Amino acid sequence: MRTLLFFYIFTNICAAQLYESTKNSPLSVLSIITKKSYQPKKIVEDFNPLWVDSLKLILPCKNVPVPKRTMRLPNAPRKYRNGIHRGIDFFANWGTKVNAVASGTVVRADHNYKEVPADFRVDMLKASAKVGTTPSDIFNNILLGKAVFLDHGFELVPGFRVITIYAHLSHIEKSIKPGYKISAGELIGKSGNTGMRESTIGSKAGSHLHWELILQKDKEEIYLGRNMPNPELYYMLNRIFKRS
Ligand SMILES: [Zn+2]
């Protein structure tokens, strides 16, 4: 019995010593460093309504106010593409005039956009489901349809570079080209449903302007109202748009 007890204590001491000697070995330290450097990036800061406290924008479609329905606002789930809505859906009939919400520079204008085949769009959505989120290439090149992006520089919201996106357009004005300096309220084009399922099957149903405002800072891109609850979100959005 005494021999057994002695053997038990002896093996435990050996194990403890072995652990101490390997804990700080170069290989062990390297594995800790490697594990730490591969940790997923955390969101440093979330959207803060104070950032846009003094922001005043022109409604992109005259007399079409910010919608109240949560499904038409930022943060709404978009199950069909495994994603989250980043913008506002302003429901306006096909061909409604779309204007710049603030002055800026055109960075993208899809004058030559051709609607994609219906089957191809379905395949892209299947790919989104496999990835588990909407891949940026599918979102930007297919789902936005005929789009215009404006760069508002660093002045519109102090401390951030701001861009706005106008998507699903049916027409873009000739003057709207990358590098063109656009004024607040200037005509960009007309609303439509490009990039949507209806457009791929030749229908004009579901036409609306999908509009986004993205704030860029510290390696982050934060959409207006990210993770803000309703109705606070609606009140904030309603406040920043001037009646036009
Ligand atoms: Zn939308």
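Within each chain, residue numbers correspond to sequence positions counted from 1 in written order. This being a predicted model, a pLDDT of at least 70 is required before a residue's local features are given, and a value of 80 or more before pairs of side-chain atoms are given or counted; all residues contribute to the totals for chains, interfaces and linings.

Draft legend 1. Geometry of the overall build of the protein chain. Secondary structure follows DSSP: runs of H or I at least 4 residues long count as helices, runs of E at least 2 residues long count as strands, and numbering of each begins at the N terminus. Helix and strand counts for the protein chain come out as 6 helices and 14 strands. Classification of the 244 residues of the protein chain by burial places 31% in the buried group. Put plainly, a residue is buried at 20 or more neighbouring C-beta atoms within 10 Å of its own, exposed at 12 or fewer, and partly exposed in between, counting only other residues' C-beta atoms, which are placed from the backbone.

Draft legend 2. How the structure looks around the sheet that holds strand β5 (residues 97-99). Strand pairing is defined by DSSP finding a minimum of two bridges between the two strands. Strand order in the open sheet formed by 3 strands is β5-β11-β9, and the pairing between neighbours is antiparallel. Of all the strands in the sheet, just β5 and β9 (171-172) have a single pairing partner and so form its edges. Here β5 runs beside strand β11 (residues 187-190); their pairing, made up of 3 bridges, is antiparallel. Bridge pairing in β11 places lysine 97 opposite lysine 190.

Draft legend 3. Representation of the pairing of strand β8 (residues 161-167) in the model. For β8, the tally of buried residues reaches 6 of 7 residues, placing the bulk of the element in the interior. Pairing geometry for strand β7 (residues 148-151) and β8, over 4 bridges, is antiparallel. Bridging from a neighbouring strand, leucine 150 pairs with threonine 164 of β8.

Draft legend 4. Broad picture of the pairing of strand β13 (residues 220-223). As paired elements, strand β12 (residues 209-217) and β13 share 4 bridges and run antiparallel to each other. If you follow leucine 215 over to β13, its bridge partner there is isoleucine 222. Adjacent in sequence and paired antiparallel, β12 and β13 are bridged by 2 residues, among which aspartate 218 carries a positive phi angle near 50°.

Draft legend 5. Spatial organisation of helix α4 (residues 136-143). Here α4 has its buried residues at Ile138, Ile142 and Leu143. Seen from one end, α4 has its buried residues packed into an arc of 70°, which puts them on one side. Looking at α4, the residues exposed on the side facing more than 90 degrees away from the buried face are Ser136 and Asp137. In the core, the buried residues of α4 are packed alongside α3 (118-131). Trailing α4 by a residue or two, glycine 145 shows a phi angle of about 65°, which is positive. Comment: arc refers to directions from the helix axis out to C-beta atoms. Each residue gets a C-beta atom placed from its backbone, and two residues are in contact if those atoms lie within 7 Å.

Draft legend 6. Representation of the nonpolar core in the model. Counting 45 residues, the largest nonpolar core has Ala147, Val148 and Tyr166 as its most contacted members. If you list the elements that add at least two residues to this core, you get β4 (88-90), β6 (104-109), α4, β7, β8, β12 and α6 (232-240). With 5 residues, β8 is the largest single contributor of residues to this core. Each nonpolar core consists of buried Ala, Val, Leu, Ile, Met, Phe, Trp, Tyr and Cys residues. Their C-beta atoms, within 7 Å, join them into a set.

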